[in-house]
Amino acid sequence: MIPRATVRLQLHKAFTFADAAAIVPYLARLGISHLYTSPIAMARPGSMHGYDGIDPSRINPELGGDAGFEQLVGTAQRHGLGVIIDIVPNHLAASLDNPWWLDVLTYGRNSRYANAFDIDWEGDDPLLRDKVLLPWLTQPLSDALSSGELDIVTRADGSRGLRHGATTLPLQGHGTLSTTLLEQQPYRLAWWRTAGDRINWRRFFDINELVCLRMEDPETFERVHALPALLYAQGMIDGVRVDHVDGLADPAGYCQRLRQRLDAADPSRPYIVVEKILMQGELLPSSWGCDGTTGYEFMDQVNALQHDAAGEAVLKNSWAALSGRSRDFDAEEKLARQEIIARSFAAPLEACAVAFERAACMTDLSRPSLRRTLKLLLVHFPVYRGYGTPDDGAAVDVAFAGARQSVLPNDAFTLATLERWFRDPGPMIAPLRRFQQLSAPIAAKAVEDTAFYRYGPLLSRNDVGFDIRQFSLSPDAFHRHMMQRQPTGLLATATHDHKRGEDVRARLAVLSERAPEWTRLLARWTTALDPLRRDGMPTAADLAMLLQMVVGAWPLDLALTDASGRAELAGRLAAWQEKALREAKLASDWSAPNERYEAAARTLTMRLVGGADPGPLLEEIFAFVQSIAPAGAVNSLAQVMIKLAAPGVPDLYQGTEYWDFSLVDPDNRRPVDYPTRMQSIDQARPSSWRNGALKQDLILRTLSLRRAWPDPFIHGTYEPVRIEGFGADAALAFCRRAGADFVLVLVPRLPTGLQVDGTGPCLKLEWPDLRLDLASSGTLFDVLENFQPVSLHAGMTLKELCGRRALALFSTRNSLHC
């Protein structure tokens with residue numbers, strides 16, 4: 001079962017199963033074949049995302065429970081839609097709401113769930129032997145005892161408990177509150193700041209509130225997957241999306257077991273995609289048996305296609321001059337990796353060194369040497385993780401080559417020994433897996449959540465799963481990626497985790513075409529903001545990032561005279577900025593917010609964008625936004641068109657059938673105005689390209705073709721169409737062919753040079769004198785113009801084929817007769 005198109009819905013107490021059911025008729029009309037929901041298992045009360053699960057065996061009552069889900073599925077199926085759910089096998093909430101975790105904190109290693117969690121019960125720290133570290137205290141333990149942060153209370157069942165804030169921990173033993181009594185507990189309370197150095201259980205990244213599970217334990221695997229397996233067996237879901245598969249010990253083995261658990265009679269039938277970030281040419285291993293990834297790599301590739309390689313050096317040099325930081329991302333990444341290891345992963349690194357030391361039983365391998373050498377490898381590892389297979393070879397080459405450049409002479413033997421094990425694990429597979437499970441969160445925290453917030457030549461290339469070193473892709477390079485794609489994976493351009501909406505990135509990409517002009521403006525605007533700064537705060541680098549966000553995220557329908565609209569935008573930008581500053585960990589930090597710096601940054605943002613009177617600087621910024629907005633919108637439509645026709649399953653993030661100028665979460669999870677979308681979908685033609693209905697219309701027409709004639713998209717080949725003439729890189733064309741019939745896609749690239757006209761209800765441009773090298777001739781049907789017939793002949797120019805339209809979709813079949 002392969003979906004035609006999915007829509008990702010974020011479910012929570014304010015958008016429940018019933019709310020999702022209400023929009024099913026609209027989604028069916030749009031052409032969606034499957035709802036693709038955020039996690040539906042029971043999560044912490046009030047959870048707005050569902051990734052902090054507390055009971056994977058129950059459907060979340062806040063979403064509507066079993067009855068609500070059954071009604072949603074029934075509504076979806078009556079309208080011809082299936083359901084795919086997000087599952088989270090990697091972790092649960094480390095909270096007392098979680099009965100599994102509570103049981104462990106009550107009974108320790110004797111808990112029936114002791115093996116469910118990835119806890120190092122036999123670590124080298126004697127204070128944590130057979131105990132669980134709880135880094136919950138707001139101050140050192142001695143101060144917490146003397147200040148009253150902890151207290152003994154009587155619980156509802158009459159037993160004694162240890163109160164800490166709003167929570168009450170189970171308490172074993174008798175006597176008054178003392179260190180002696182605390183020593184008797186199966187947990188050890190600690191100051192939260194010590195977590196990175198002492199934690200003895202695997203966290204999701206470095207979050208103390210999320211504890212990782214052991215899917216390699218058969219009983220735990222069954223407990224986590226009993227609910228989705230039941231829903232699949234009942235015909236209520238058609239498949240799953242697996243969250244953070246790289247957190248698991250053995251992703252390949254897990255995916256194979258998952259297929260068998262969902263459908264032992266026909267394991268190939270369930271639709272299974274995994275959240276997996278592919279870097280530097282990686283492909284999803286076929287041995288996993290998955291239908292594909294959630295589509296980050298496509299999001300990266302289609303975005304890179306829309307960047308002008310000629311602007312790269314100009315933008316990087318400008319950034320270095322303005323910020324005083326490196327022009328190259330490698331330097332930022334390696335620095336961030338070193339910092340992240342030191343601040344958040346010292347204890348897991350130590351545990352990894354211990355695992356290698358114990359498994360090796362070699363007196364010549366000291367733990368300090370192992371620790372130093374493993375750290376070097378983590379700093380230089382070029383992808384998220386390896387899997388102990390020959391496919392790791394290229395990544396292992398890069399990691400060890402980098403480590404050899406700075407390894408200490410006394411550690412050279414250790415490095416050589418580790419290289420032998422990395423290339424042929426043999427009995428070292430267990431410690432190697434510990435390394436693999438450590439490299440993935442370090443990569444995520446260092447790259448996505450640190451370096452991406454420090455490096456700002458052009459923010460459209462900084463997003464989850466993006467290979468930032470690849471600034472631009474030529475049409476030929478893009479075609480090669482598409483021909484390598486697994487044709488059943490998801491095609492995403494926006495997700496619940498993106499840092500900028502798909503149309504923010506599309507507009508910012510235009511700056512790569514106007515790099516000299518943009519860098520001059522950026523330098524001048526940064527200087528013009530001096531009167532709004534306070535004691536030099538915020539820095540020029542932070543201002544440069546802010547100005548990119550103002551230019552990229554300014555809504556198409558926001559007039560400069562709309563003071564309330566500007567105030568709302570300013571508030572959203574200020575919230576983005578606060579998160580960006582803390583993620584960068586330079587001027588501020590989540591663990592130690594610099595309130596003075598953040599206040600200065602917020603004040604500047606609110607005064608610049610949200611002031612009662614716009615002021616000359618904002619007027620100039622607004623005028624520049626208007627000058628690039630039509631080209632940005634052309635980029636937006638082009639990336640949607642490619643997504644709808646490329647090999648794979650188009651995935652729409654909720655609401656993005658209209659323009660998506662969202663920022664990082666939680667901004668990208670704001671409520672969607674579905675009534676407006678429901679109204680516009682039945683209009684004959686969009687009245688203006690600015691309101692988003694034009695994008696919706698493109699999706700509607702293309703998905704209608706996919707519904708009427710699925711063969712070229714599901715089973716057809718992807719064939720690049722060569723474009724001839726000077727400046728041929730200004731367009732991209734390809735066919736999806738099924739036998740003698742095909743669908744032809746034609747989109748512009750680098751639209752600034754195509755004289756985009758946004759004065760009318762539709763976007764128009766001037767196609768250059770380019771010709772399609774297409775051997776076919778005969779009649780095509782214009783999908784976007786109600787299947788009007790068009791005569792195709794050899795040497796046909798793009799202008800002859802498209803007129804002044806910004807993109808085109810043709811079919812050899814009329815959908816009325818498919």
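Shown above is the structure to which this text applies.
Residues numbered from 1 in each chain as written. Predicted model: local features only at pLDDT ≥ 70, side-chain atom pairs only at ≥ 80, totals over all residues. Heavy atoms only, no water.

The N-to-C vectors of helix H20 (residues 515-528) and helix H21 (residues 540-553) enclose an angle of 120 degrees; their axes lie 10 Å apart at closest approach. In terms of orientation, H20 lies oblique with respect to H21. Crossing angle aside, the handedness with which H20 passes H21 is right-handed. Contacts between H20 and H21 involve Trp518, Leu522, Trp525 and Thr526 from the former and Ala540, Leu543, Ala544, Leu547, Gln548 and Val551 from the latter. Residue classes in the contact of H20 with H21 are distributed as eight nonpolar, two polar and no charged. (Axes fitted to C-alpha atoms, helices over the stretch in contact; angles between N-to-C directions. Helix = DSSP H or I, 4+ residues; strand = E, 2+ residues; numbered from the N terminus. Parallel < 35°, antiparallel > 145°, perpendicular 65-115°, else oblique. Left-handed = near helix turned anticlockwise from the far one by under 90°. Contact = heavy atoms within 4.5 Å. Nonpolar A, V, L, I, M, F, W, Y, C, P; charged D, E, K, R; others polar.)

The volume enclosed by the second largest pocket comes to roughly 1100 Å³. Forming the boundary of the second largest pocket are 41 residues, of which Asp118, Ile119, Asp120, Ala351 and Arg434 lie nearest the centre. For the lining of the second largest pocket, the secondary-structure elements that each account for two or more residues are helix H7 (195-198), helix H13 (346-360) and helix H17 (429-448). Sorting elements by how many residues they give to the lining of the second largest pocket places H13 first, with eight residues. (1 Å grid on protein atoms, 1.4 Å probe; cavity = no way out; pocket = protein on both sides within 12 Å on 5 of 7 lines; lining within 4 Å. Points joined across faces, edges and corners; volume = space filled by probe spheres on them.)

Core analysis: the largest hydrophobic core is formed by 254 residues, its most contacted members being Phe69, Trp101 and Phe117. Ranked by residues supplied to this core, first place goes to helix H24 (residues 615-645) with 18 residues. Those residues within four positions of phenylalanine 69 in sequence are excluded, and the remaining contacts are Phe17, Ile40, Ile59, Val83, Ile85, Leu231, Met236 and Ile237. Judged by nonpolar contacts, the second largest core, of six residues, contains Tyr36, Ile84, Tyr271 and Val649. (Core = buried A, V, L, I, M, F, W, Y, C linked by side-chain atoms within 4.5 Å. Buried < 20%, exposed > 50% of the residue type's maximum accessible area, 1.4 Å probe, protein only.)

Let us now look at unusual backbone geometry. The step from methionine 537 to proline 538 runs through a cis peptide bond, and the omega angle for that step is -5 degrees. Following aspartate 665, the chain continues to proline 666 via a peptide bond in cis, the omega torsion being 10 degrees. Residues other than glycine seldom take positive phi values, yet aspartate 130 does so here, at roughly 65 degrees. Inspection of the secondary structure puts aspartate 130 in the loop between helix H4 (99-107) and strand S7 (132-137). Even without being glycine, leucine 750 reaches a positive phi, approximately 55 degrees. Its place among the elements puts leucine 750 in the loop between strand S22 (741-748) and strand S23 (771-773).

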